[in-house]
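So you can see what is in the structure, the chains are spelled out below.
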Amino acid sequence: MPLEDGDPVRWRGQRVDGKVSGTPQPEGTGDPPAPDGSRMEVTAEGWEPGPALGDGDVAPGGAPPRQEEALMAELSELVQKVVRSSSWWERHGVDISILAGSFLLLPAGFLCLRSAQAIPFLAGVLTLGVVHHTLTVKGSHLASHNALTESKSWGKVWAVFFIELCSAFTAEQATYNHVKIHHGYTNVIGLGDSSSWKLPFLNRYVYMFIAPLAVPILTPLVALDLLRNVEWKAALRTLCCMFLGLYCHYWLLLHVSGFQSLWSALLCMLLTRSLLAHPFIHVNIFQHIGLPMFAADRKPKRILLMSLGVLNLPRNALLDWSFGHSLISCHVEHHLFPSLSDNMCLKIKPVVSQYLKQKKLLYNEDTYTSRLRLFLRRYEELMVHAPPITELVGIQ
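Residue numbers run consecutively from 1 along every chain, following the written order of its sequence. With pLDDT at 70 or above as the cut-off, local features in this predicted model cover only qualifying residues; side-chain atom pairs require 80 or more to be listed or tallied, and sums for whole chains, interfaces and linings still use all residues. Only hydrogens and water are set aside; all other atoms, that is, all heavy atoms of the structure, feed into the side-chain values.

Another aspect to go through is the overall build of the protein. Numbering of helices and strands runs from the N terminus, with a helix taken as a DSSP run of H or I at least four residues long and a strand as a DSSP run of E at least two residues long. A count of helices and strands for the protein gives 16 helices and 6 strands. Any residue under 20% of the maximum accessible area for its type is buried, any over 50% is exposed, and the rest in between are partly exposed; the area is computed with a 1.4 Å probe on protein chains only. Counting over 396 residues, the protein shows a buried share of 53%. The contact definition used throughout considers only heavy atoms, calling two residues in contact when any of these lie within 4.5 Å. Taking contacts inside the protein between residues at least 6 apart in sequence as the whole, the part at least 24 apart equals 73%. Here the open area of atoms and residues is found with the Shrake-Rupley method and a 1.4 Å probe, where only the protein chains shown may cover a residue. Of the roughly 17800 Å² of accessible surface on the protein, a fraction of 63% belongs to carbon and sulfur atoms.

Helix span, as expected, comes to 1.5 Å for every residue beyond the first. For helix α7 (residues 215-226), which comprises 12 residues, the first-to-last C-alpha distance of 16 Å matches the rise-based estimate of 16 Å (1.5 Å per residue) to within 8%. Considered for burial, the residues of α7 that qualify are Val215, Pro216, Pro220, Ala223 and Leu226. Taken end-on, α7 shows its buried residues confined to a sector of 130°, consistent with a single buried face. In the core, the buried residues of α7 are packed alongside α5 (171-183), α8 (232-255), α9 (262-273) and α10 (277-286). As used here, the arc belongs to the directions running from the helix axis to the C-beta atoms.

Before going further, it helps to examine the side chain of threonine 170. Within the secondary structure, threonine 170 sits in the loop between α4 (152-166) and α5. Threonine 170 sits in the buried class, given a relative accessible area of 0%. Excluding its chain neighbours within four sequence positions, the residues that come into contact with threonine 170 are Ile163, Glu164, Ala223, Leu226, Leu227, Val230 and Thr238.

Time to look at the UniProt feature "transmembrane region" (unreviewed entry) in the protein. UniProt positions are given in the numbering used here, feature names are shortened, and annotations may be inferred rather than shown by experiment. Mapped onto the present numbering, the UniProt feature "transmembrane region" (unreviewed entry) falls at residues 205-227, 234-252 and 258-276. Taken end to end, residues 234-252 is 100% helix and 0% strand, and its first and last C-alpha atoms sit 27 Å apart. The span residues 258-276 is 63% helix and 0% strand, and its two end C-alpha atoms sit 24 Å from each other.

The next point concerns the environment of serine 102. Within the secondary structure layout, serine 102 lies in helix α2 (residues 88-112). Between the C-alpha atoms of serine 102 and leucine 135, which are 33 residues apart in sequence, the distance is 7.5 Å. Not counting residues up to four positions away in its chain, the partners in contact with serine 102 are Val131, Thr134, Leu135 and Trp321.

So, about a nonpolar patch on the surface. Candidates for patches are residues over 30% relative accessible area with no salt bridge; among them, like charges are joined within 9 Å and nonpolar side chains (Val, Leu, Ile, Met, Phe, Trp, Tyr) within 5 Å. A pair is scored as a salt bridge if a Lys or Arg side-chain nitrogen falls within 4 Å of a carboxyl oxygen belonging to Asp or Glu. Taken together, the side chains of Ile217, Leu218, Leu221, Val222, Leu224 and Leu239 present a nonpolar region at the surface, about 510 Å² in accessible area. At 5 residues, α7 tops the list of elements feeding residues into the nonpolar patch. Given the relative accessible area of 43%, leucine 218 is considered partly exposed.

Each axis is a line fitted through C-alpha atoms, and for a helix only the stretch in contact is used; angles between axes span 0 to 180 degrees, taken between their N-to-C directions. With their axes 9 Å apart at the nearest point, α4 and α5 run at an angle of 95° to one another. Judged by the inter-axis angle, α4 sits roughly perpendicular to α5. Of the residues in α5, those in contact with Ala159, Val160, Ile163 and Glu164 of α4 are Ala171, Glu172, Ala174 and Thr175. For the contact of α4 with α5, the class distribution of residues is 5 nonpolar, 1 polar and 2 charged. Each angle receives one of four descriptions, namely roughly parallel if under 35 degrees, roughly antiparallel if over 145, roughly perpendicular if within 65 to 115, and oblique otherwise. By the convention adopted, Pro, Cys, Tyr, Trp, Phe, Met, Ile, Leu, Val and Ala count as nonpolar, Lys, Arg, Asp and Glu as charged, and the other residues, Gly among them, as polar.

Our next topic: the pattern of salt bridges. Across all of its chains, the model carries 11 salt bridges by this definition. Notably, a salt bridge pairs arginine 84 with glutamate 77, separated by 3.0 Å at the nearest N-O pair. The residue aspartate 225 makes a salt bridge to arginine 228 at a minimum N-O spacing of 2.9 Å. Among the ionic contacts, a cluster of salt bridges with common partners joins Asp95, Lys138 and Asp342.

Unusually for a residue other than glycine, alanine 168 sits at a positive phi of about 60°. Residue placement: alanine 168 occurs in the loop between α4 and α5. You can call alanine 168 buried: its relative accessible area is 4%. Although it is not a glycine, lysine 360 adopts a positive phi angle of roughly 60°.

Below, the structure written as structure tokens:
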């Protein structure tokens, strides 16, 4: 049945009101087949490719795939009109200024840590913590999508700088796992279903409130393990950048902030690098897990997949600054058009939300506290057991 304007997509266990109403009931289980990486489709000129339907892929309700492609093409044209009418400042300058401003705050943060008084010292911890997450989360995320510049060459430079030097991770693996897998196969079981964020052996309270403190320690350890999958030249570069970034942080604490011992400096590094680790973990699971999941051979086309499987959180001044709009209040927009900067995602948000609602497609939004209560209440179902595969019951 062709998808007409005003026809909503319905699926078992969800309601079509723009809000998340729970996890869909399982249709079946089993490991999905490996994706055919050569089968890609370009949604619009300038946008990053997403996975094409395979031989076994179906559109909801048996609708012809061209209908969904037409919806994506129409939305892409609306968004490109906004992009073409935007200045360089809007496309890149705003976010570059936020990152540059964060760098300028570094001296103040290290100098505040010299104080023996509680308030200036805590101000230094807060400053360095926010700056660290702005560079490592916002900077790395934008760099992985080449959203900081029009140049691919400079994009690779920024990716190495933000991901390896600032974040102590490997740029190749971060880009592949996030851009090619998570974005290419969003909410597809065994591929882009955010399962890398699950630690089923931990109980809900340890995972949600204690485990995030270990993120600064686990990140470089995971990176070292992933270096086995990259060429030796890239691995050597990553090792040098990781060491340089960590050592510079340690050296500045000793020689600028005045720390007297190794352990006090390391403890301060852990404190500042884990300051926003809790919302970082929470945001990564809140916006996908608990939403519809699909098998690799039975998934909707791109616009429906992102409409069903991605959720926006409300705007938050601290998280907007340190994580970026594309990870908080514009996550749906980001998944539809991942090469846009945070500021541009915010600018196209009214266009995207209005279009999806006009076509009676879901535009998922929920609050941080609501999602936190949901995960604490249904932790075993969402984070321990295998996620159910959504059964699309057609176009109603």
